[in-house]
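# Summary of the model geometry
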Amino acid sequence: MTRRKFLAGSAAGGAAMMMTPAKKAFAAGSFEGFPDGMGVLVDLTRCVGCRTCEAACNVEQKLPEPALPFDDTSVFDEMRHGQKRRTTDKAYTIVNRYEPESADEPLYRKIQCNHCNEPACLTSCFVNAYKKTPEGAVIYNSKVCVGCRNCMIACPFHIPAYTYHSVLNPVIKKCIFCYDTRLKEGRPPACVESCPQQVMTFGKRKDLMTIAKERIKKNPGKYIDHIYGEKEVGGTGWFYISNVPFEEAGFDVHLPKKPIIDNVKDFLAIVPMVLTIWPALFTGFHLLSTKGKSHGHGDDHSHDKQEGH
């Protein structure tokens, strides 16, 4: 293939991608979840910050040992860039401590992937690396991932982590609801099963939502009249009830009710186009540059020969 044909073909492919409607760029499309999907109700009033869930997740997912043991409470004081701890490629779930103004005692909150009904990570991924299973889990296939990290931008909860330190296998890492080892067999995730305080209740999402509403109704002075995750960003598989306003527990209370992807899909639809066009452009620049250098060297060489004569 000649340089001209190669560049023409690349440009044609880029042009075709540009003319493709935004919906075509999203291979995963829009998804509304499974009505019988499983979920977890998290009662923040019960958590004591023991971090047993972190240890259980570490064992179940075969993650590396943390720098500090799980019974070391100094991690609650850790701050990075003014923010509390976040999930990483080595810790799929973490517990943070908060000091709410409306309560006399600290509040502890477990953080992991919320397994959205309409996942932004899924709809932002143009290579279908993500999948929402009938059981309710949002899982990830590293074999088809191209490393664009759209999912990290799209996730409203800032959950997907990237293995920056791995040169040979830089992939996305996150909680998968213990799908392979537990969920698809009908068993609760390791963190839920290990919790000594019964902070988390596992079951069908629609049944858990009923339980959450009844718990709030029967204890009006104990709980805030809101279930975080019932409607936020289209609803989540993991949802929360609390005795303090959710913003005091580090939750983003400004998320829309509709899926977050509706606000970013036009921008993210450009990415496949960019990934198609840029390589062609850079290849063209490289070839032109190489060609120019080769001509330049040839002229210099002829000039040297003439001077020699």
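Residues numbered from 1 in each chain as written. Predicted model: local features only at pLDDT ≥ 70, side-chain atom pairs only at ≥ 80, totals over all residues. Heavy atoms only, no water.

### Re the pattern of salt bridges
Counted by the stated rule, this structure contains 11 salt bridges. One salt bridge in this structure joins Arg-182 and Glu-60, with 3.4 Å as the shortest N-O distance. Of this pair, Arg-182 sits in the loop between strand 7 (172–173) and helix 6 (190–194) while Glu-60 sits in helix 3 (residues 52–60), and the two are 122 residues apart along the sequence. The pair formed by Arg-182 and Glu-60 is uniform in burial state, with each residue classed as buried. Of the charged contacts in the structure, one is a salt bridge between Arg-97 and Asp-77, with a shortest N-O distance of 2.6 Å. Of the two residues, Arg-97 sits in strand 2 (residues 94–98) while Asp-77 sits in the loop between helix 3 and strand 2, which places them 20 residues apart along the sequence. Residue classification places Asp-77 among the exposed positions, given a relative accessible area of 54%. Via salt bridges that share partners, Asp-43, Arg-46 and Arg-215 belong to a single interconnected network. (Salt bridge = Lys/Arg side-chain N within 4 Å of Asp/Glu carboxyl O. Helix = DSSP H or I, 4+ residues; strand = E, 2+ residues; numbered from the N terminus. Buried < 20%, exposed > 50% of the residue type's maximum accessible area, 1.4 Å probe, protein only.)

### Here we look at unusual backbone geometry
For His-158, which is not glycine, the phi dihedral falls at a positive 55°. Along the chain, the position of His-158 falls in the loop between helix 5 (150–154) and strand 6 (161–162). The backbone phi angle of Cys-178 is positive, close to 50°, even though this residue is not glycine. With respect to the element layout, Cys-178 can be found in the loop between strand 7 and helix 6.

### As for the layout of surface pockets
Quantified by volume, the largest pocket comes out at close to 930 Å³. Along its surface, the largest pocket is lined by 35 residues, and Arg-80, Arg-85, Arg-86, Thr-87 and Thr-88 are the ones closest to its centre. When residues of the lining of the largest pocket are traced back to their parent elements, those giving at least two are helix 3 and strand 6. Residues belonging to the lining of the largest pocket are distributed by class as follows: 18 nonpolar, 7 polar and 10 charged. A volume near 500 Å³ is recorded for the second largest pocket. Elements with a contribution of two residues or more to the lining of the second largest pocket: strand 2 and strand 3 (107–111). (1 Å grid on protein atoms, 1.4 Å probe; cavity = no way out; pocket = protein on both sides within 12 Å on 5 of 7 lines; lining within 4 Å. Points joined across faces, edges and corners; volume = space filled by probe spheres on them. Nonpolar A, V, L, I, M, F, W, Y, C, P; charged D, E, K, R; others polar.)

### What about the nonpolar core?
Nonpolar side chains in soluble globular proteins tend to be buried together. With 43 residues, the main nonpolar core has Val-42, Leu-44, Phe-157, Met-200, Trp-238 and Tyr-240 as its most contacted residues. For this core, the secondary structure elements donating two or more residues are strand 1 (38–43), helix 3, strand 2, strand 3, helix 6 and strand 9 (238–241). Contacts of Tyr-240, omitting those with residues within four sequence positions, involve Val-42, Leu-44, Lys-110, Gln-112, Asn-114, His-226, Ile-227, Tyr-228, Phe-246 and Phe-251. Listed in part, the 11 residues of the second largest apolar core include Cys-121, Tyr-140, Tyr-162 and Val-171. (Core = buried A, V, L, I, M, F, W, Y, C linked by side-chain atoms within 4.5 Å. Contact = heavy atoms within 4.5 Å.)

### Side note on the side chain of Arg-97
A polar contact is formed between the side chain of Arg-97 and the side chain of Asp-77, at a distance of 2.6 Å. Leaving out residues up to four positions away in the same chain, Arg-97 has contacts with Phe-76, Asp-77, Lys-84, Pro-106, Leu-107 and Tyr-108. (Polar contact = N/O pair within 3.5 Å; in protein donor to acceptor, adjacent residues only side chain to side chain.)

### Regarding the sheet that holds strand 1
Reading across from one edge, 8-1-9 is the order of the 3 strands in this open sheet, with mixed pairing throughout. Here the strands that pair on one side only, and so sit at the sheet edges, are strand 8 (200–204) and strand 9. Going from strand to strand, the sheet's axes swing by 25° on average, the running direction of each strand aside. Sheet topology places strand 1 next to strand 8; 5 bridges connect them, and they run antiparallel. Bridge pairing in strand 8 places Gly-39 opposite Gly-203. (Pairing = 2+ DSSP bridges. Axes fitted to C-alpha atoms, helices over the stretch in contact; angles between N-to-C directions.)

### Section: helix 3
The set of residues buried in helix 3 consists of Cys-53, Glu-54, Ala-56, Cys-57, Asn-58 and Glu-60. Contacts made by the buried residues of helix 3 are with strand 2, strand 3, helix 6 and strand 8. A positive phi of about 55° marks Lys-62, the residue just after helix 3.

### Let's talk about the pairing of strand 2
Extensive coverage of strand 2 is indicated by the burial of 5 of its 5 residues. Here strand 2 shows a buried face lined by Ile-94, Asn-96 and Tyr-98 and a second buried face lined by Val-95 and Arg-97.

### A short note on the confidence of the model for the protein chain
Considering every residue of the protein chain, the mean pLDDT works out to 82; 72% of them sit at 70 or more. Counted against residues more than four places away or in other chains, residues 1–30, with its pLDDT under 50, gives 37 contacts. The low-confidence segment residues 273–290 (pLDDT under 50) makes 17 contacts with residues lying over four places distant or belonging to another chain. (pLDDT = per-residue confidence, 0-100.)

### A look at the state of the cysteines
Overall, the coordinates contain 0 disulfides when judged by the stated rule. Cysteine Cys-53 remains unbridged, with the sulfur of Cys-191 as its closest cysteine sulfur at 6.3 Å. Overall, Cys-53 belongs to the buried group, its relative accessible area being 9%. Its sulfur unpaired, Cys-191 is 6.2 Å from the next cysteine sulfur, which belongs to Cys-178. Using a relative accessible area of 8% as the deciding quantity, one classes Cys-191 as buried. (Disulfide = S-S within 2.5 Å.)

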